[in-house]
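Per-entry structural report
Listed here are the chains, written in short residue letters.
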Amino acid sequence: MESSELPLCVLQSSMRDGVKLFCDCYYSLDRSPRPVMLMRTAYGREIASTLVYAHPTWYLQKGFNVVIQDVRGTGNSEGVFDPLVNEANDGFDTIEWIASQEWCDGNVIMYGFSYQGMVQYLAAGVKPPHLKAIAPAMAGLDFQNDWLFRNGIFKLYGTLTWALQLDSIRAKSFGDYALFNRIYLATRNFDVSDFRLFDYQWIRNEFPDSIFHDWLSNRGNSSYWSDRSMLKTDICNIPMLHIGGWFDACCEGTVQSYIKLCKLTHSPQQLIIGPWSHINWHRFAGVKDYGVEAESFIDLYQVSWFNAAINNELSLTNRQAKIYVLGTDKWAEVECLTASRHLTLFPGNSQFGCQGDGRLLSHQPHDTLFDVIVHDPWRPAPAKVRESGDTCIASDRRDIDYRSDNMAYTSEPLDDHLDILGALTLNLMIEANNASYDLHATFTYVTLSGESIPFASGCVRICDSGKIVAKLTTDHIAIRVKQGDRLRLNISCSAFPIYELNPANNRLQENCAPADFNCLSLRIYPGKLSLIDIPYSDFDK
């Protein structure tokens, strides 16, 4: 960096209610007006999300001035941190304050991931005149359903650890360092089989003021979520670059936000999804090395894309998705995230009564028997979990496939590779001995060496004890399953601790002690009503 381009000072920006927010401002010493990149963060402006992005001084060298702001109630900023509640108005005021500075040319653009991504959607919703583009990463429009719940099922592990992180921010802002230290130690000692995650009373006793309890107690309170929703305001028609990772727990929220905004706006929308998790944007994920093509290019791409947005060089023809296709080590550009062709497979009974030997057939079976799995809350069926609750990370889950509380249906080796693009749909005829339970499905591919690698999952809450056909849809995915590999469908009644446990007693987990949880027997019926719909494409064309 040349000596004429150095981060210059820390400034305060005043919000409409008089609260002052602190910013690190990076601009050239001559204060020449430039476009300004803004990141509003809850995690410390000095960090500036350098976990995944280049340092602001790198962007300074590329022709942008940069502002990194501590949101209300965090870092040195005044006020009380109430996640998402004030971010729309504070975002508007900050953007217009930046636009009035002599070192801004009137163009403000926002970037950032996770919480820093969500605040961009909120700011865009109140239409600041000088906001020209946003690039939210690992984020979604619908805070409740994209982040905390899935089909009414609470995302336990990732949400709890994130809630405690937010609690630690508030504790530090209040000067309660004893609470900060307790939270820090607690989050470092969680184990995926930790029964403290089973008992919400432990969390109430240990952290009675956690935001975690607010989220749980407001499950059905629409006004609570409206106050924190990116969907409550008009959509701003500005260019938006949506960035996600196949292994990010929020990936489907990113995909759905892109799909919704393509329908609701008449502005350029672009989607990029790499083989990345929430905070690891590189070639390694779980046990897999996805090659040099998987390394993050987001910093360079943002520079080019922001310049095009500012210069009005983007058009509606820029609505496209650039996705990394797992299994090919290549990127593909697609106009539609769901392939038009579909393959149908059918679960067939286990041949020997073993949980791991169910069949996945290309024809409708004539079996009249059923399979049974028993869910025991003392040892619930687990799911592989990474940091931030990331799911379907590339890791071998054979140890789960062959558990007695998991039913695995496996195909014959594929005669040719299968290119899957979109969300898989499962219709499954089931019957349980209780009117309240959860159904979890995980799709894997089984390699020649026997590894079972997950690539898509979904879940649904059932409130019916009769024989029903449950419908379950997975997250979107783009993957090539290689010739000779086999497809596998895994069925269980839990995916602990990624998701909360259903007590199987018509009550919610937060209203139960561990002793209140019931065992559950689930029958799975083959036949014409149980089938899997797989959207497939040809990534070589």
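Before any of the text, the structure's been laid out above.
Worth saying up front: this structure is predicted, and the values here are computed from it rather than measured. Going along each chain's sequence as written, the residues are numbered from 1 onward. Thresholds applied to this predicted model are a pLDDT of at least 70 for local features of residues and 80 or more for the giving and counting of side-chain atom pairs; totals over whole chains, interfaces and linings are not thresholded and use all residues. With hydrogens and water set aside, each side-chain value is computed from the structure's full complement of heavy atoms.

Concerning the overall build of the protein
For the protein, the count of helices and strands is 12 helices and 25 strands. In terms of overall size, the protein behaves like a compact globule, its C-alpha atoms giving a radius of gyration of 24 Å where 541 residues would be expected to give roughly 24 Å. Expressed as lengths along the three principal axes of its C-alpha atoms, the size of the protein is roughly 80 × 55 × 40 Å. In this scheme, a residue with accessible area under 20% of its type's maximum is buried, one over 50% is exposed, and one in between is partly exposed, where area comes from a 1.4 Å probe on protein chains only. A buried classification covers 61% of the 541 residues belonging to the protein. Reported accessibility uses the Shrake-Rupley method at a 1.4 Å probe radius. Residues are deemed covered only where the shown protein chains occlude them. Carbon and sulfur atoms make up 49% of the accessible area of the protein, which amounts to about 20900 Å² in all. Averaging the coordinates of the 47 positive side-chain charges in the protein and doing the same for the 63 negative ones gives two points 2 Å apart. Numbered from the N terminus, helices here are DSSP runs of H or I no shorter than four residues, and strands are runs of E no shorter than two. Computation of the radius of gyration draws on C-alpha atoms alone. For the globule rule, the value is 2.2 Å times the number of residues to the power 0.38. All tallies of charge rest on Lys and Arg as positive and Asp and Glu as negative; His and the ends of each chain are not included. Here the site of a charge means atom NZ of a Lys, CZ of an Arg, CG of an Asp or CD of a Glu.

Re the pattern of salt bridges
Salt bridge, as used here: a side-chain nitrogen of Lys or Arg that lies within 4 Å of a carboxyl oxygen of Asp or Glu. On inspection of all chains with the given rule, the structure shows 24 salt bridges. Put simply, arginine 170 and aspartate 167 hold a salt bridge, and the shortest N to O gap is 3.6 Å. Taken together, the positions of arginine 170 and aspartate 167, both in helix H5 (residues 156–173) and three residues apart, correspond to about one turn of that helix. Both residues of the pair, arginine 170 and aspartate 167, count as buried. Three or more residues are tied together by salt bridges with common partners; here these are Arg219, Asp438, Arg461, Glu500 and Glu510.

Regarding helix H11 (residues 298–310)
What a helix should span is 1.5 Å times the count of its residues minus one. Here H11 contains 13 residues, and its C-alpha end-to-end distance of 18 Å stays within 8% of the 18 Å for a straight helix at 1.5 Å per residue. Those residues of H11 that sit buried are Ile298, Asp299, Gln302, Val303, Trp305, Phe306, Ala308, Ala309 and Ile310. Here, residues are in contact when the closest pair of their heavy atoms is within 4.5 Å. In the core, the buried residues of H11 are packed alongside strand S3 (34–41), helix H1 (56–61), strand S5 (104–113), strand S6 (131–137), strand S9 (240–245) and strand S10 (269–274). Once H11 finishes, asparagine 312 follows within two positions and takes phi at roughly 55°, a positive value.

As for the packing of helix H2 (residues 87–99) against helix H3 (residues 115–125)
A fitted line through C-alpha atoms represents every axis, and for helices the fit uses only the stretch in contact; the resulting angles, taken between N-to-C directions, go from 0 to 180 degrees. Running from N to C, H2 and H3 cross one another at 80°; their axes reach a closest spacing of 8 Å. Taken as axis vectors, H2 and H3 run roughly perpendicular relative to one another. Where H2 abuts H3, its residues Glu87, Ala88, Gly91 and Ile95 lie against Tyr115, Val119, Leu122 and Ala123. In the scheme used here, Gly and all other residues not listed as nonpolar or charged are polar, with Ala, Val, Leu, Ile, Met, Phe, Trp, Tyr, Cys and Pro taken as nonpolar and Asp, Glu, Lys and Arg as charged. Tallied by class, the residues present in the contact of H2 with H3 amount to six nonpolar, one polar and one charged. Any angle between 65 and 115 degrees counts as roughly perpendicular, while under 35 counts as roughly parallel, over 145 as roughly antiparallel, and the rest as oblique.

Thoughts on H3
Summarising burial for H3: 11 of the 11 residues are buried, a large majority. Looking at H3, one finds that the buried residues are Tyr115, Gln116, Gly117, Met118, Val119, Gln120, Tyr121, Leu122, Ala123, Ala124 and Gly125. Downstream of H3 by a residue or two, lysine 127 has a phi angle that is positive, lying close to 55°.

Here we look at the nonpolar core
One broad rule of soluble globular proteins: the nonpolar side chains tend to lie buried together. What makes a nonpolar core is a set of buried Ala, Val, Leu, Ile, Met, Phe, Trp, Tyr and Cys residues whose side-chain atoms join them at distances within 4.5 Å. Counting residues in hydrophobic clusters, the biggest one holds 95 residues, and the most contacted among them are Tyr53, Trp246, Trp281, Ile323, Phe455, Ile491 and Leu522. When residues of this core are assigned to their parent elements, the largest contribution, eight residues, is made by strand S19 (residues 418–432). Counting residues in each nonpolar core, the second largest holds 65 residues, with Ala124, Ile134, Leu148 and Ile238 among its members.

Here's the deal with the pairing of S19
Remember that side chains alternate between the two faces of the sheet whenever the strand is regular. Counted residue by residue, S19 has 13 buried out of 15 residues, so it is predominantly covered. Examined bridge by bridge, S19 and strand S22 (residues 468–481) share 12 bridges and lie antiparallel to one another. Bridge assignment links leucine 418 to a residue of S22, and that residue is valine 481. Pairing between strands is defined by DSSP: at least two bridges between the two strands are required.

So, unusual backbone geometry
Cis geometry marks the peptide bond from phenylalanine 496 to proline 497; its omega dihedral reads 5°. Within the element layout of this structure, proline 497 appears in the loop between strand S23 (486–492) and strand S24 (520–525). The phi dihedral of alanine 48 is positive, around 55°, even though this residue is not glycine. For alanine 48, the location among the structural elements is in the loop between S3 and H1. A residue is classified by how much of its surface remains accessible, and alanine 48, at 1% relative accessible area, is buried. Located in the positive-phi region is serine 114, a residue other than glycine, with phi close to 65°. In this structure, serine 114 sits in the loop between S5 and H3.

Digging into a nonpolar patch on the surface
Together, Phe370, Val372 and Val374 make up an exposed nonpolar region whose accessible area comes to about 220 Å². Counting through the fold element by element, valine 372 comes out in strand S17 (residues 371–375). Using a relative accessible area of 36% as the deciding quantity, one classes valine 372 as partly exposed. Patches here: salt-bridge-free residues with over 30% relative accessible area, like charges joined within 9 Å, nonpolar side chains (Val, Leu, Ile, Met, Phe, Trp, Tyr) joined within 5 Å.

Considering the packing of aromatic side chains
Think of it this way: a Phe, Tyr or Trp ring, Trp meaning its six-membered ring, pairs with another when their centres are within 6.5 Å, and the plane angle makes it stacked under 30 degrees, edge-to-face over 60, tilted otherwise. The full count for this structure, using the stated rule, is 32 aromatic pairs. Taken together, a centroid distance of 5.4 Å and an interplanar angle of 75° make the contact between tyrosine 53 and tryptophan 281 edge-to-face. Linking tyrosine 53 in the loop between S3 and H1 with tryptophan 281 in the loop between S10 and strand S11 (284–285), this pair joins segments that are 228 residues apart in sequence. Judged by relative accessible area, tyrosine 53 falls into the buried class, the value being 4%. Taking relative accessible area as the criterion, tryptophan 281 reaches 6% and is therefore assigned buried. Seen in terms of ring centroids, tyrosine 59 and tyrosine 111 are 5.4 Å apart; in terms of plane orientation they differ by 55°. Their pairing is tilted. A residue pair is termed long-range when its members are at least 10 positions apart, and tyrosine 59 in helix H1 and tyrosine 111 in strand S5 qualify at 52 residues. Taking the relative accessible area as the measure of exposure, tyrosine 59 reaches 0% and is therefore buried. Over a ring means this: the NZ of a Lys or the CZ of an Arg is within 6 Å of the ring centre and within 35 degrees of the ring normal. Seen from the ring of phenylalanine 180, lysine 172 lies directly overhead, with NZ or CZ sitting 5.5 Å from the centre. For arginine 228, the ring lying beneath its charged end belongs to tyrosine 224, and the centroid distance is 3.7 Å.

Focus on the environment of leucine 343
In this structure, leucine 343 sits in strand S15 (residues 341–348). Given the relative accessible area of 27%, leucine 343 is considered partly exposed. Leucine 343 has contacts with Leu418, Ile532, Asp533, Ile534 and Tyr536, leaving out every residue within four places of it along the chain.

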